[in-house]
Amino acid sequence: APNDVTEPDKTPSCFARTHLDSPTRETWTRQMDFMMSCVGFAVGLGNVWRFPYLCYKNGGGVFLIPYVLFIFLGGIPIFFLEIALGQFMKAGSINVWNIAPLFKGLGFASMVIVFFCNTYYIMVLAWGFYYFIKSFSSTLPWSTCDNPWNTENCIEIFRHGDCLNGTIGNSTFGNLTCEELANGRSPIIEFWENKVLNISDGLDEPGAMNWEMLLCLMAVWVMVYFCVWKGVKSTGKIVYFTATFPYVVLIILLVRGVTLPGAYDGIMYYVKPNWSKLGEAQVWIDAGTQIFFSYAIGLGALTALGSYNRFNNDCYKDAFVLAFINSGTSFFSGFVVFSILGFMASEQGVDISKVAESGPGLAFIAYPKAVSMMPVAPVWAALFFIMLLLLGLDSQFVGVEGFVTGILDLFPGKYYMRYQREIAVAICCLLCFIIDISMVTQGGMYVFQLFDYYSASGMTLLWQAFWECVVVAWVYGADRFMDDIARMIGYRPFPWMKWCWSFITPCVCMGIFLFHLLNYKPLTYNNVYVYPWWGEVIGWCMALSSMLCIPVSFVYKLSGAKGTFRERWEILTKPVWGAHHLEYMAPDTDIKSLASLSPGTEENKVIIFESVM
């Protein structure tokens, strides 16, 4: 402890212990590394394959009204809360809750969620990598029906419009009748289901291993490992490429897309407002859920990224800039996607609603079909899938970074060993890879969807965000945390943040959470296959494995403490400070410059200081 602290008995004992035990935490080489890592993590596949479809489905341009509203009611406040919390506590997703140790279960919950995310999300990258490799051929394998995996029902050109008008001739399709054409299957769907997935009849039929897909999965995990193994010093450099190059590809695809026939109709479908949709509850729920998904809230990775910031970094400004980039990317990518889908609808002579897809359906069915219709198709296919790969890759390795950071923070400095990080990253990647093997079998898609629907679903993220706001605003104190932020960045954020954390955001989170719960529907695949009861039980176990961390940890800590309930509460909600707080919050720190920017009197200056000591 510094010599000028005159009353050491008033300083929490944890200062001295932490100061001696903890190694110095590394920081970003430059602040732009942090910004790029946040962009890379938060801007992912959801921005490209989910937002445009939701916008089209929920009234076009009208969807932006609830979307923007939820950005300010939930997105930015929690985004800022997580980054500021990590920066203030200089810890990963578990130790950051030393700010209120009784609720450390929040940290374990976020670790469980991000572990599940890291496990299943990489399968999308493996599929993308497989398509990328297959793009290097003169004829795209999903554009023709003369491949070993195609069935007798495969038809390259449908022309349903001509069939309905009665103008079709037998000469075009040999002896096929309109009834037989109606049962036809596109070569892209057959490539996806018969070649890539080789899908079985259900979850209870895992079937054989897809060795090509296993090699792709292994290759992607190796890439992730070497992006993360050296920590933020290397991650901060790699992310410059992985976060920016997708924008280059998006611009190229947009320029190509708007020059295609039918592109204007596609874009009009995307943005044309349907005001009647504003009265539907589902539109508002979709907007709120999309914000939590695309802002990567509740995963703990933003906290880990913020923990590597300089203590005095202006994270308030960063939060707004990053939110603008994230939502701007979502809106921009809609023009790219729907210009291509408009062209696809025009080529097939069908309404755009027939080709508009979301999720893997857009990435691996609709879009590959569209590029197969373009001149020089392999070039556009390769460009699209390299963009898909990079969009997902930085989200993946920052997620792994957040998980590893949380684990390593649990070990004090005295347990430090050489190559500790490299070994931890290797164990994490290997463990996830072993679980992923179940997703490269014939029944792998059913396992993937089980993870996607339950483990990191809207309900788990909303539950996590609700408790984050409650703990910071009501247990630690919203005013107190605002004072701490003022100590870091030199001025108090607008009071709107405090109001959101205390009232608005928890209400929004709980409202959407209850809507999801009340409107729960059993999981299905392609609206046809219904999961067996034991499959749903496994799914709910994954969801509850993170959600129950909070109440179970709460009860365990409270029951293990001594004294009356009030005494236990006071002891267990008393923050455990780190060594850096002593360094930055020493009494000789110049506080006059802060006072000039902070509203209040002389007493307020003392409160700002006391809230940290």
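Residues numbered from 1 in each chain as written. Predicted model: local features only at pLDDT ≥ 70, side-chain atom pairs only at ≥ 80, totals over all residues. Heavy atoms only, no water.

What exactly am I supposed to notice about the environment of His-580 here?
Its location among the elements puts His-580 in helix 25 (residues 579-584). Its relative accessible area of 13% is what places His-580 among the buried residues. On a C-alpha basis, the gap between His-580 and Lys-90 in space is 8.0 Å, while along the polypeptide they are 490 residues apart. Dropping the residues within four chain positions of it, His-580 is found in contact with Phe-88, Met-89, Lys-90 and Phe-311. (Helix = DSSP H or I, 4+ residues; strand = E, 2+ residues; numbered from the N terminus. Buried < 20%, exposed > 50% of the residue type's maximum accessible area, 1.4 Å probe, protein only. Contact = heavy atoms within 4.5 Å.)

Before we go on, may I ask you to explain the UniProt feature "binding site: Na(+)" (unreviewed entry) in the protein chain in this structure?
Under the feature "binding site: Na(+)" (unreviewed entry), the UniProt entry names Gly-40, Ala-42, Val-43, Asn-47, Ser-294, Asn-326, Leu-391, Asp-394 and Ser-395. The annotated residues occupy 356 residues of the chain but converge on a single region, no pair of C-alpha atoms lying more than 14.1 Å apart. With respect to the helices and strands, the residue Leu-391 is situated in helix 17 (residues 377-408). When sequence neighbours within four positions are dropped, the list of residues in contact with Leu-391 reads Gly-40, Val-43, Gly-44, Leu-45, Val-48, Tyr-121 and Pro-246. The residue Ser-395 is located in helix 17 in this model. Once residues lying within four places of it in the same chain are set aside, the contact partners of Ser-395 are Gly-40, Phe-41, Val-43, Gly-44 and Tyr-121. Here the side chain of Ser-395 touches Phe-41 through a polar contact of 3.0 Å, landing on its backbone oxygen. (UniProt positions renumbered as here; feature names shortened; annotations may be inferred. Polar contact = N/O pair within 3.5 Å; in protein donor to acceptor, adjacent residues only side chain to side chain.)

Can you walk me through the packing of aromatic side chains in this structure?
Aromatic ring pairs: the centre-centre distance and the angle between the two ring planes describe each pair. Within this structure, the stated rule accounts for 59 aromatic pairs. For the pair Phe-80 and Trp-501, a centre-to-centre distance of 5.9 Å together with 25° between the ring planes defines the contact as stacked. Here the residue Phe-80 occupies a position in helix 5 (residues 64-89), and Trp-501 occupies one in helix 21 (residues 496-518), the gap between them amounting to 421 residues. Its relative accessible area of 0% is what places Phe-80 among the buried residues. Taking relative accessible area as the criterion, Trp-501 reaches 0% and is therefore assigned buried. When the ring of Phe-115 is compared with that of Phe-116, the centres are 6.3 Å apart and the planes differ by 55°; the resulting orientation is tilted. Like Phe-116, Phe-115 is buried. (Phe/Tyr/Trp six-rings, centres within 6.5 Å; stacked < 30°, edge-to-face > 60°.)

I'm lost on the pattern of salt bridges in this one. Help?
Opposite charge on two side chains allows them to pair when their charged atoms are near. Taken as a whole, this structure holds 9 salt bridges when the rule is applied. When the shortest N-O distance is used, the salt bridge between Asp-286 and Lys-57 registers 3.3 Å. Here Lys-57 lies in helix 4 (residues 51-57) and Asp-286 lies in helix 13 (residues 281-294), a separation of 229 residues in the sequence. One salt bridge in this structure joins Arg-566 and Glu-570, with 3.6 Å as the shortest N-O distance. Taken together, the residues Arg-566 and Glu-570, both in helix 24 (residues 565-572) and 4 residues apart, mark about one turn of the helix. Classification of Arg-566 as exposed rests on a relative accessible area of 63%. (Salt bridge = Lys/Arg side-chain N within 4 Å of Asp/Glu carboxyl O.)

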